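Next come the chains, spelled out residue by residue.
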Amino acid sequence: PSASDEHFAPSNIALCKYWGKRDQQLNLPVNASLSVSLGHLGTHTRLVPIDYPADEIWLNGEKLVPSAPFCQRISAFLDLFRNPDHCHFRVTTRNSIPTAAGLASSASGFAALALAVNDSFALQLSKEQLSVVARLGSGSACRSIFSGFVEWQMGHREDGLDSHALALQNRWPGLCIGLIKVDASVKATDSRSGMQRTVETAHLYQSWPLQAASDLQQLKQAITAQDFELLGRTAEHNALSMHATMLASWPPLVYWQPDSLKMMHKIWKLRQDGLPIYFTMDAGPNLKLLFESTSLEEVMRQFPDMEVIQPFGDV
Ligand code: DP6
């Protein structure tokens, strides 16, 4: 391998969630999902081969201890491509995601790492192949190979080669995502073990694949028709249904904090008063608001601490 350039991959937010695996090792999902990539917000990563007998991992300018779970996941990912006895890397990775927004970075992190590996080992993989490779690091990373609206086709093969993302051609200028950070003093269960527990213990999970499949179709229809109301309500319903399966797990998985619920009530009230605004949530207490730029001013007034992202550029 040689030194790679610096590679970038965007963060993404799922409107139809990936929740549950049919294969733990390969990160093969139970259901297809759909996300929107966050433009310039994401991860920059560069790989440099080094002589030192272990990987050296730098995150946002700080050298991490090799025993950190983050480092072990990165090294395990690199092991897929190298002989770990002879080949080590300095991995320099930096997030342009506002840390205050509380967005996870494993999706953009593994997508950027897949791009850097492709460069360093001169693999010349296609985007679809890169998506398969990124998925091996973290499922949702397969969507971060693309920008705009992205669909992850679940695939059916046991080797996972048909389980990768694809970009949808539709754009939606004016679509806004507001990141609302709810203070999380309690450390949440990560998605990896959270989804595993849900699959193993929640009877309610049986209905999830059906719901996800129908939500995915509705979202694609909403995107084609630029029907914001349909997009918003389908995404919100999908997120709440996922959280319902989490609640039905044992021990229960409750990612919400009291302030998460307060925010939800505030959004439902605003909507009742005529403001077209919806939300989605992942495996954490933070809300991601969905609205259009025509409502930007009013939404900013209601949520002054919110970070706004326009995935298709400012309008
Ligand atoms: C709730 O991709 O982080 O954000 O494949 O185990 O790395 P692993 O899980 P991960 O799960 C993301 C779950 C989610 C929904 C989503 O992004 O689709």
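Residues numbered from 1 in each chain as written. Predicted model: local features only at pLDDT ≥ 70, side-chain atom pairs only at ≥ 80, totals over all residues.

1. As for the packing of helix α5 (residues 208–225) against helix α6 (residues 228–247)
Filter applied, for reference: To define axes, lines are fitted to C-alpha atoms, for helices over the stretch in contact only, and angles between the resulting N-to-C directions are given on a 0 to 180 degree scale. Runs of H or I in DSSP of at least four residues are treated as helices and runs of E of at least two as strands, each being numbered from the N terminus. Roughly parallel refers to an angle under 35 degrees, roughly antiparallel to one over 145, roughly perpendicular to one between 65 and 115, and oblique to any angle outside these ranges. The sense of a crossing depends on the near helix, which, turned anticlockwise from the far helix by less than a right angle, makes the crossing left-handed and, turned clockwise, makes it right-handed. A residue pair is marked as a contact if its C-beta atoms, positioned from the backbone, fall within 7 Å.
Where α5 contacts α6, the two axes come as close as 9 Å, and the packing angle between them is 165 degrees. Of the possible angle classes, the one that applies to α5 and α6 is roughly antiparallel. Between α5 and α6 the crossing geometry is left-handed. Packed against α5, whose contacting residues are W208, Q211, A212, D215, Q218, L219, Q221, A222 and I223, the element α6 presents L230, L231, T234, A235, H237, N238, S241 and T245 at the interface.

2. Digging into unusual backbone geometry
Leave glycine aside and you will find that most residues have negative phi; peptide bonds, for their part, are mostly trans. As a reminder, the rule being used: Labels follow a simple rule on C-beta atoms placed from the backbone: if 20 or more others lie within 10 Å of a residue's own, it is buried; if 12 or fewer, it is exposed; otherwise it is partly exposed.
Going from W250 to P251, the amide bond is cis rather than trans, its omega being -10 degrees. By secondary structure assignment, the location of P251 is in the loop between α6 and α7 (258–272). Unusually for a residue other than glycine, A122 sits at a positive phi of about 50 degrees. Mapped onto the elements, A122 comes out in the loop between α2 (106–120) and α3 (127–137). Here Q226, not a glycine, exhibits a phi torsion of approximately 50 degrees, which is positive. Relative to the elements of secondary structure, Q226 occurs in the loop between α5 and α6. Accessibility expressed as a C-beta count within 10 Å gives 15 for Q226, which makes it partly exposed.

3. Digging into the nonpolar core
We count it as follows: What makes a nonpolar core is a set of buried Ala, Val, Leu, Ile, Met, Phe, Trp, Tyr and Cys residues, with links drawn between C-beta atoms within 7 Å.
Grouped together as the largest cluster of nonpolar side chains are 80 residues, with contacts concentrated most on A111, A114, A134, L219 and L289. With nine residues, α2 is the single largest residue contributor to this core. Excluding residues that lie within four positions of it along the chain, A111 makes contacts with A9, A134, A141, S144 and I145.

4. A word on the sheet that holds strand β13 (residues 307–309)
Formally: Any two strands with at least two DSSP-identified bridges between them are counted as paired.
Read from one edge to the other, the open sheet built from four strands follows the order β11-β12-β10-β13, with strand pairing classed as antiparallel. Strands at the two margins of the open sheet, each flanked by one partner only, are β11 (278–280) and β13. Here the average twist between neighbouring strands, direction ignored, is 30 degrees. In the sheet, strand β10 (residues 175–180) pairs with β13 via three bridges, with the strands oriented antiparallel. Looking across to β13, one finds that I177 is bridged to I309.

5. With respect to α3
Within the span of α3, buried status applies to L130, S131, V132, V133, A134, R135 and G137. On its buried side, α3 packs onto α1 (69–79), α2 and β9 (164–167).

6. Comments concerning the environment of P29
By secondary structure assignment, the location of P29 is in strand β3 (residues 28–29). With 54 residues separating them along the chain, P29 and N83 place their C-alpha atoms 28 Å apart. Setting aside chain neighbours within four positions, we find P29 in contact with Y18, G20, K21, R22, G139, W152, M154 and S163.

7. Things to note about the site of the ligand
Applied cut-off: Any residue whose backbone-placed C-beta atom lies within 6 Å of a molecule or strand is treated as near that molecule or strand. Charged residues are taken to be Asp, Glu, Lys and Arg, nonpolar residues to be Ala, Val, Leu, Ile, Met, Phe, Trp, Tyr, Cys and Pro, and polar residues to be all remaining types, Gly included.
Near the ligand there are 15 residues, and of these A14, Y18, S138, G139 and S140 occur at the shortest range. Elements with a contribution of two residues or more to the shell around the ligand: α2 and α4 (191–201). Taken together, the residues of the shell around the ligand break down into five nonpolar, seven polar and three charged.

8. Digging into α2
This is how it is decided: The length a helix should cover is 1.5 Å for every residue beyond the first.
With 15 residues, α2 extends 20 Å from end C-alpha to end C-alpha; this agrees with the ideal 21 Å at 1.5 Å per step. Across the 15 residues that make up α2, a large majority, 14, are buried. Following α2 by one or two positions, A122 adopts a phi angle in the positive range, close to 50 degrees.

9. Side note on the environment of G160
The topology assignment puts G160 in the loop between β8 (149–153) and β9. Put simply, G160 and L175 are 15 residues apart on the chain and 32 Å apart in space, counted from C-alpha to C-alpha. Leaving out residues up to four positions away in the same chain, G160 has contacts with D23, L26, L28, V132 and G155.

10. Things to note about the confidence of the model for the chain
Going by this rule: The predictor's confidence in any single residue is recorded as pLDDT, a number from 0 to 100.
On average, the chain scores 95 in pLDDT, and the residues at 70 or more come to 97%. Note on the complex model: pTM 0.96, ipTM 0.99.

11. Section: the packing of α2 against α3
Axis separation between α2 and α3 bottoms out at 8 Å; the angle between their running directions is 125 degrees. One element, α2, and the other, α3, form an angle in the oblique class. Classified by chirality, the crossing of α3 by α2 is right-handed. For the pair formed by α2 and α3, the contact residues are F110, A111, L113, A114, L115 and N118 on the first element and L130, V133, A134 and G137 on the second. Broken down by class, the residue content of the contact of α2 with α3 amounts to eight nonpolar, two polar and no charged.

12. A short note on the pairing of β10
Among the six residues that make up β10, six are buried, leaving the element largely enclosed by the rest of the structure. Both β10 and strand β12 (residues 287–292) contribute to a ladder of six bridges, which runs antiparallel. Note on β12: the bridge partner recorded for I180 is L287.

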